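Structure assessment
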Amino acid sequence: MMKSKPYVTKNDLKKGLRKVGLREGDIVFVHSSLSSFGYVENGADTVIDALLETVGSSGTVVMPAFTWTLYHDKVGVVFDVANTPVKNEVGLIPEVFRKRKGVMRSIHICHSVTAMGPHAKDVMGDGVRSFGEGSTFHQLYKLDSWYLLLGVDFSVCTALHMVEEFMQVPYRYYRDFRHSKVILPDGRIIPCKSVEFLRKKGYYNDFVKMGAIFDQAGILRTTFIGNAKIINVKIRDIFDVTKRYMEKDIGFLLTPESRRRLKQEMNI
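Okay, so let's go over this structure. Just so it is clear, the structure is predicted and the values come from calculations on it, not from any experiment. (Residues numbered from 1 in each chain as written. Predicted model: local features only at pLDDT ≥ 70, side-chain atom pairs only at ≥ 80, totals over all residues. Heavy atoms only, no water.)

Thoughts on the pattern of salt bridges
Taken as a whole and assessed by the stated rule, the structure comprises 16 salt bridges. For the salt bridge of D49 with R100, the shortest nitrogen-to-oxygen distance reads 2.7 Å. Of this pair, D49 sits in helix α2 (residues 44–55) while R100 sits in the loop between α5 (92–98) and β6 (104–105), placing them 51 residues apart in sequence. On the basis of relative accessible area, R100 is assigned to the partly exposed category, the value being 21%. Shared partners join several salt bridges into a network, and the residues in it are K10, K14 and E53. (Salt bridge = Lys/Arg side-chain N within 4 Å of Asp/Glu carboxyl O. Helix = DSSP H or I, 4+ residues; strand = E, 2+ residues; numbered from the N terminus. Buried < 20%, exposed > 50% of the residue type's maximum accessible area, 1.4 Å probe, protein only.)

A short note on the packing of aromatic side chains
Counted by the stated rule, this structure contains 11 aromatic pairs. Among the aromatic side chains, those forming a connected cluster through ring pairs are F29, F131, F137 and Y147. In this structure, R236 is placed above the aromatic ring of Y141, and the distance from its NZ or CZ to the ring centre is 5.6 Å. The ring of Y203 has R261 lying over it, and the distance from NZ or CZ to the ring centre is 4.9 Å. (Phe/Tyr/Trp six-rings, centres within 6.5 Å; stacked < 30°, edge-to-face > 60°. Lys NZ or Arg CZ within 6 Å of the ring centre and 35° of its normal.)

Some thoughts on the sheet that holds strand β11 (residues 189–191)
Read across the sheet, three strands follow the order β5-β10-β11 without closing on themselves; strand pairing throughout is mixed. Whereas interior strands pair on both sides, the edge strands pair on one side only; in this sheet they are β5 (78–80) and β11. Sheet twist, expressed as the mean angle between neighbouring strand axes with direction ignored, is 25 degrees. As paired elements, β5 and strand β10 (residues 181–183) share three bridges and run parallel to each other. Looking at β10, one finds that D80 is bridged to I183. (Pairing = 2+ DSSP bridges. Axes fitted to C-alpha atoms, helices over the stretch in contact; angles between N-to-C directions.)

Some details on the environment of L17
Among the structural elements, L17 can be located in helix α1 (residues 10–19). Sequence separation of L17 and L150 is 133 residues, and the distance between their C-alpha atoms is 9.6 Å.

A short note on the packing of α1 against α2
Packing of α1 against α2 leaves a shortest axis separation of 9 Å and a crossing angle of 45 degrees. Judged by the angle between their axes, α1 and α2 are oblique. In this structure, the crossing between α1 and α2 has a hand that is right-handed. In this structure, α1 uses K10, L13, K14, L17 and R18 to contact α2, whose residues at the interface are T46, V47, D49, A50, L51, E53 and T54. In the contact of α1 with α2, the residues fall into five nonpolar, two polar and five charged. (Parallel < 35°, antiparallel > 145°, perpendicular 65-115°, else oblique. Left-handed = near helix turned anticlockwise from the far one by under 90°. Contact = heavy atoms within 4.5 Å. Nonpolar A, V, L, I, M, F, W, Y, C, P; charged D, E, K, R; others polar.)

Some words on the pairing of strand β4 (residues 60–64)
Burial within β4 is extensive, with five of its five residues counted as buried. Where burial is concerned, the two faces of β4 agree: the one with T60, V62 and P64 and the one with V61 and M63 are both buried. Pairing analysis gives three bridges linking strand β2 (residues 27–32) to β4, with the strands arranged parallel. Residue pairing for β4: F29 is matched across the bridge by V62. Of the pairings in the sheet, the one linking β4 to strand β7 (residues 113–116) comprises four bridges and is antiparallel in character. Within β7, the position partnered with V61 by the bridge is M116.

Quick look at the side chain of D26
Relative to the helices and strands, D26 resides in the loop between α1 and β2. Lacking a salt bridge, the buried D26 has K234 as its closest oppositely charged neighbour, with an N-O distance of 5.2 Å. A distance of 2.7 Å separates a polar side-chain atom of D26 from the backbone nitrogen of R23. If sequence neighbours within four positions are ignored, D26 has contacts with G21, V55, G59, T60 and W146. (Lys, Arg positive; Asp, Glu negative; His and termini not counted. Polar contact = N/O pair within 3.5 Å; in protein donor to acceptor, adjacent residues only side chain to side chain.)

Here it is, written out as structure tokens:
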């Protein structure tokens, strides 16, 4: 016998968001899975409305609009900021959000984000690095943003790449997109100035383990909404705790096999 899906309303969502510490005026970056909740009344729009109403008109909601799978290994591509979809990469909620009136989208060719609120322009970044200085994630750190996981775990926590780029891990390298173009929402076409800090072939990350580490550090706020586990944490805490581990082991965010390979290549 199939277990029935819980029915989730906007009030359920707002109650859960407040339970994990989200308040009026907050800035929050959101990873999400709509299906994880069960059945959400009126779907993705209800989740977006709950987020916007919880942080209020003085708060800012930010979501991934990543196109890494589409472009990271390509040459001479054209990124259409207003029209390139994101559902296949980051899910339905960000896809619906990016189409909302008043939502801004940044211009990084692989790691663009969308945002609505008074700090939307502040978190757009300069379109060069994905996670380093001048990026959206650097801005989120400076603004003391929340990092919210709705029904997903730390395997999707792209904020962890901040630490990798800050510490210039030896298993990644920069590539540029000098032969690519960006179509801006107003129709202007500009050269792409983005760079991507790519993993070298044969190296793989293991981010899932960070959930238990962050939990042990006491930095997570959690609850359930429907079937979805909700995790909220400050992006500064993600960075600071992870950095301490990586200062002891530069390959800490890799799988065991990749860590062994790195040690062999570094002769340590």
